[in-house]
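A look at the structure
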Amino acid sequence: MENVSTRELPFGTLVTAMVTPFHQDESVDFDAAARLADTLVTEGCDGLVVSGTTGETSTLEDQEKEDLFRVVVEAVAGRAKVIAGTGTNHTSHSVEMAERALRAGVDGQLVVTPYYNKPTQSGVLAHFDAVAAATDLPIMIYDIPGRAGIPIHTDTMLKLAERPNIRALKDAKADFTAVTRVLANTELDVYAGDDGLVFPWMMAGAVGVVSVAAHVATQQFRALVDAASVGDVVTARRIHFELDPVIRAVMTHIPGAVSAKQILKMQGILENTAVRLPLVDPDAVEMEPILTDLAEAGWDFSRPTRQYPATTNPDESV
């Protein structure tokens, strides 16, 4: 298996889909966004998605998104790739966002399948072609039928892979047969789009993950991706198992944007957990299984601190 650390990737390997911090009045907290970006990169992320689903892109204004792109680009200062979430279900709007992202100086863009409209596969192709033609920014396509309402068929993905600036796929379809065909028949860099599938997807040849849970366990995910990238199955499998309750805590009970902010506050990384409607903070009943999962991982929040599963040294070299 090729060691992806030996070649330049347009999007990195450990990519966190960043939450968007808000003040209590729900205005964007740009200073907190810069601090969070710096923390994530310092702890091991080499890519950040700004204004993706976890960044509450649906309730951000276009200018807020563009300003966030600039703030994170400045905070990262070339230490990691900054990937703008530009995709919408309105093709001309997606083109406009691609142009805004280019002006803001990002390294690439994440473009989701047009959602809700349920276009044909010909429409999907035409949509991505229009966005790809708008700028020279590298594109990571985001296939997530659970949110979009439709999958990108594998034959469609193979055609899209022929476009020169479509460089990667974030696969959140959990279809191993489909992702195998993409890996076997294209030069696309494939990323696990489900945190729990990093290990098997990378064993098949994916280069990394676009993660939500990496907000709260960055160094653990860094170690997992690094081990998997060099074929260290024993280490990668061990960390995969250790991360399982953390991933469940973040991803299976309430929306990831909400749970990530809750845990980041408990860790002392964010000052508050404000989200924009229709998202809301969890109540005590909703928080209980999250805390139970984190306790299973060995995390103790008696004092706010960055934590990792107790059985692994986050500084260990893999």
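The rules behind the values
Residues numbered from 1 in each chain as written. Predicted model: local features only at pLDDT ≥ 70, side-chain atom pairs only at ≥ 80, totals over all residues. Heavy atoms only, no water. Helix = DSSP H or I, 4+ residues; strand = E, 2+ residues; numbered from the N terminus. Buried < 20%, exposed > 50% of the residue type's maximum accessible area, 1.4 Å probe, protein only. Areas by Shrake-Rupley, 256 points an atom, 1.4 Å probe, with all protein chains shown as cover. Lys, Arg positive; Asp, Glu negative; His and termini not counted. Charge placed at Lys NZ, Arg CZ, Asp CG, Glu CD. Core = buried A, V, L, I, M, F, W, Y, C linked by side-chain atoms within 4.5 Å. Contact = heavy atoms within 4.5 Å. 1 Å grid on protein atoms, 1.4 Å probe; cavity = no way out; pocket = protein on both sides within 12 Å on 5 of 7 lines; lining within 4 Å. Points joined across faces, edges and corners; volume = space filled by probe spheres on them. Nonpolar A, V, L, I, M, F, W, Y, C, P; charged D, E, K, R; others polar. Salt bridge = Lys/Arg side-chain N within 4 Å of Asp/Glu carboxyl O. Pairing = 2+ DSSP bridges. Right-handed = clockwise from strand over helix to strand, strands pointing away. Axes fitted to C-alpha atoms, helices over the stretch in contact; angles between N-to-C directions. Parallel < 35°, antiparallel > 145°, perpendicular 65-115°, else oblique. Left-handed = near helix turned anticlockwise from the far one by under 90°.

Moving on, we come to the overall build of the protein chain. Within the protein chain one finds 12 helices and 8 strands. A principal-axis box enclosing the C-alpha atoms of the protein chain has dimensions of 55 × 45 × 35 Å. For the protein chain, buried positions account for 55% of its 318 residues. With the model as given, the accessible surface of the protein chain reaches about 12,900 Å², and the carbon-plus-sulfur share is 51%. A distance of 3 Å separates the average location of the 25 positive side-chain charges in the protein chain from that of its 44 negative side-chain charges.

Leu48, Ile141 and Phe221 are the most contacted members of the largest nonpolar core, which has 85 residues in total. Of all hydrophobic cores here, the second largest spans 16 residues; its members include Ile83, Ile144, Ala172 and Val207.

The residue Thr154 is located in helix α6 (residues 154-160) in this model. Every residue in contact with Thr154, bar those within four places of it in the chain, is listed here: Ala178, Arg181 and Val182.

What follows is about the layout of surface pockets. Of the pockets and cavities examined, the largest pocket occupies roughly 830 Å³. Taken together, 43 residues make up the lining of the largest pocket; nearest its centre are Gly52, Thr53, Thr54, Thr57 and Arg147. Looking at the lining of the largest pocket, the elements that each hand over two or more residues are α2 (62-76), β4 (108-112), α5 (145-148), β8 (208-211) and α11 (256-266). Of the residues that constitute the lining of the largest pocket, the class distribution is 19 nonpolar, 16 polar and 8 charged.

Another point: the pattern of salt bridges. Following the criterion strictly, the structure yields 17 salt bridges and no others. In this structure, Glu96 and Arg100 form a salt bridge, with 3.3 Å as the shortest nitrogen-oxygen distance. One end of the pair, Glu96, and the other, Arg100, are both in helix α3 (residues 91-104), 4 residues apart, so they sit about a helical turn from each other. Residue classification places Glu96 among the partly exposed positions, given a relative accessible area of 33%. Taking the shortest distance from any N to any O, the salt bridge between Arg181 and Asp155 comes out at 3.1 Å.

Counting buried positions along strand β5 (residues 139-143) gives 5 out of 5 residues, so the element sits mostly inside the fold. Here β5 shows a buried face lined by Ile139, Ile141 and Asp143 and a second buried face lined by Met140 and Tyr142. Of the strand pairs in this sheet, β4 and β5 are connected by 4 bridges, and their pairing is parallel. Paired with Gln109 across the strands is Ile139, a residue of β5. Pairing between β5 and strand β6 (residues 166-171): 5 bridges, direction parallel. Each bridged residue has a counterpart across the sheet, and for Asp143 the counterpart in β6 is Asp171.

With 4 of 5 residues buried, strand β3 (residues 81-85) lies mostly within the body of the structure. As defined by bridge partners, strand β2 (residues 47-50) adjoins β3 across 4 bridges and the pair is classed as parallel. Residue pairing in the sheet places Val49 in a bridge with Ile83 of β3. Bridge count between β3 and β4: 3 bridges; the pairing is parallel. Across the sheet, residue Ala84 finds its bridge partner in β4, namely Gln109. Read as a crossover between parallel neighbours, the route from β3 over α3 to β4 is right-handed.

Interhelical geometry of α3 versus helix α4 (residues 121-134) gives an angle of 25° and a closest axis separation of 9 Å. Looking at the two axes, α3 sits roughly parallel to α4. The crossing of α3 and α4 is right-handed. Taken together, the residues of α4 that come into contact with α3 (itself represented by Thr91, Ser94, Val95 and Ala98) are His127, Ala130, Val131 and Ala134. Across the contact of α3 with α4, the residue classes break down as 5 nonpolar, 3 polar and no charged.

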